[in-house]
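For reference, the chains in residue letters:
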Amino acid sequence: MNEKQKSKVPFLKWAGGKRQIIDRIKAVLPEGKRLVEPFCGSATVFLNTDYQENLIADTNRDVINIFSFLQNEGRDFIDYCSQYFIPENNDAEQYYEYRALFNETQDLRQRAALFLYLNKHGYNGLCRYNSSGGFNVPFGKYKKVTFPEGYLYDFLFKTKHAEFIEQDFETTLTNTKRGDIVYCDPPYVTANASNQSFQYEKNGFSLQQQERLAQPAEETAAKGITVLISNHLTEFTRKIYKNAELNTFSVRRSISCKGDQREQALEVLALYK
């Protein structure tokens, strides 16, 4: 079995997930007491590392919400989520009904379970919101959708040593301390750096924010705390990460829902230490 097969699979599908490069990331991350992730996404790095403590943060409240319910309720929450994963629910009309309910409900537990349903049944594992904050990913049209029960339990086991918090990256970096190891996985800059905002959350993530991440990363490293940032390798990222140690490589990225169309992409791991 190769190293890629040995990696643990997150229960959320995620655009730009780190399973493909997890071994490269782990090879660069040093030892430390606590892993801090300001952009956790599906939390692949948290899932595949073994730090004593973990601070897992994101500004996407739905991600933090589902992680928190899984941590606090365990088996009961997993059983609750399973009700949505029946063959009859793999249907466009039902999907859009649940999507509307997700956007309207004030029940955070129900919203967490529906988030998992939408994540698995929606197009290409996207997590996207409109300007009003409404989840707007279309139906994925998959022949079969499987409930990720085993992956949920794998994640649940890891939550014993984790804190999940809805928080912006600047606050997260400001609150780091000696002994922390920081891994930042911001929404990637596009290949030509022309896309000014990636709609990961309703307010997007701009090139200016990319620059604002690089600056506190340097300041954090100056306090003796290692910071690693992953991104596409472009002239823009070369410029903003000019004071970091750059580890560059190419990866094959899927560019279609079926995954049968792929292109080479250059990536960079920028290490501040």
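Since this is a predicted model, take the numbers as computed values, not measurements.

Asks: Looking at this structure, how should I read unusual backbone geometry?
Replies: Of all residues except glycine, most have a negative phi; of all peptide bonds, most are trans. Positive phi, normally seen in glycine, also occurs at Asn 124, with a value near 60°. For Asn 124, the location among the structural elements is in the loop between helix 7 (108–121) and helix 8 (149–158). We note that Lys 141 has phi near 60°; this positive angle belongs to a residue other than glycine. Locating Lys 141 in the fold gives a position in the loop between helix 7 and helix 8.

Asks: Help me understand helix 10 (residues 207–222) in this model?
Replies: Residues three or four positions apart in an α-helix share a direction because the helix packs 3.6 residues into each turn. An ideal rise of 1.5 Å per residue puts 22 Å on 16 residues; helix 10 measures up with 23 Å between its terminal C-alpha atoms. Of all the residues in helix 10, the buried ones are Leu 207, Gln 209, Gln 210, Leu 213, Ala 214, Pro 216, Ala 217, Thr 220 and Ala 221. Following helix 10 by one or two positions, Gly 224 has its phi on the positive side, about 90°.

Asks: I would appreciate a short explanation of the packing of aromatic side chains in the present structure.
Replies: In this description, a pair of aromatic rings is defined by centroid distance and the angle of the planes. On inspection of all chains with the given rule, the structure shows 21 aromatic pairs. Aromatic pair Phe 11 and Phe 155: ring centres 5.2 Å apart, planes at 85°, arrangement edge-to-face. Linking Phe 11 in the loop between helix 1 (3–6) and helix 2 (22–28) with Phe 155 in helix 8, this pair joins segments that are 144 residues apart in sequence. We note that Phe 11, like Phe 155, is buried. Ring centres of Tyr 95 and Phe 139 lie 5.4 Å apart, and the angle between their planes is 50°; this geometry places the pair in the tilted category.

Asks: How should I be thinking about the pairing of strand 4 (residues 180–184) in this particular structure?
Replies: Side chains on a regular strand alternate between the two faces of the sheet. Summarising burial for strand 4: five of the five residues are buried, a large majority. Here strand 1 (residues 34–37) pairs with strand 4 via three bridges, running parallel. Considered in strand 4, the bridge of Arg 34 is made with Asp 180. In this sheet, strand 5 (residues 226–232) lies alongside strand 4 in parallel orientation, the contact comprising four bridges. Considered in strand 5, the bridge of Cys 184 is made with Ile 229.

Rules and cut-offs
Throughout, a residue's number is its position along its own chain's written sequence, starting from 1. Under the rules for a predicted model, residues below a pLDDT of 70 receive no local features and side-chain atom pairs below 80 are neither given nor counted, while totals for whole chains, interfaces and linings still include all residues. Water and hydrogen atoms play no part in the side-chain values, which are based on all heavy atoms of the structure. Secondary structure counts use DSSP, requiring at least four H or I residues in a row for a helix and at least two E residues in a row for a strand, with both numbered from the N terminus. Every helix has an expected span of 1.5 Å times one less than the residues it contains. Classification of residues uses two cut-offs on accessible area relative to the type maximum, computed with a 1.4 Å probe and protein chains only: under 20% is buried, over 50% is exposed, and between them is partly exposed. In this scheme Phe, Tyr and Trp rings, the latter by its six-membered ring, pair at centre separations within 6.5 Å, and the angle between planes marks the pair as stacked below 30 degrees, edge-to-face above 60, and tilted otherwise. Pairing between two strands requires that DSSP report at least two bridges joining them.

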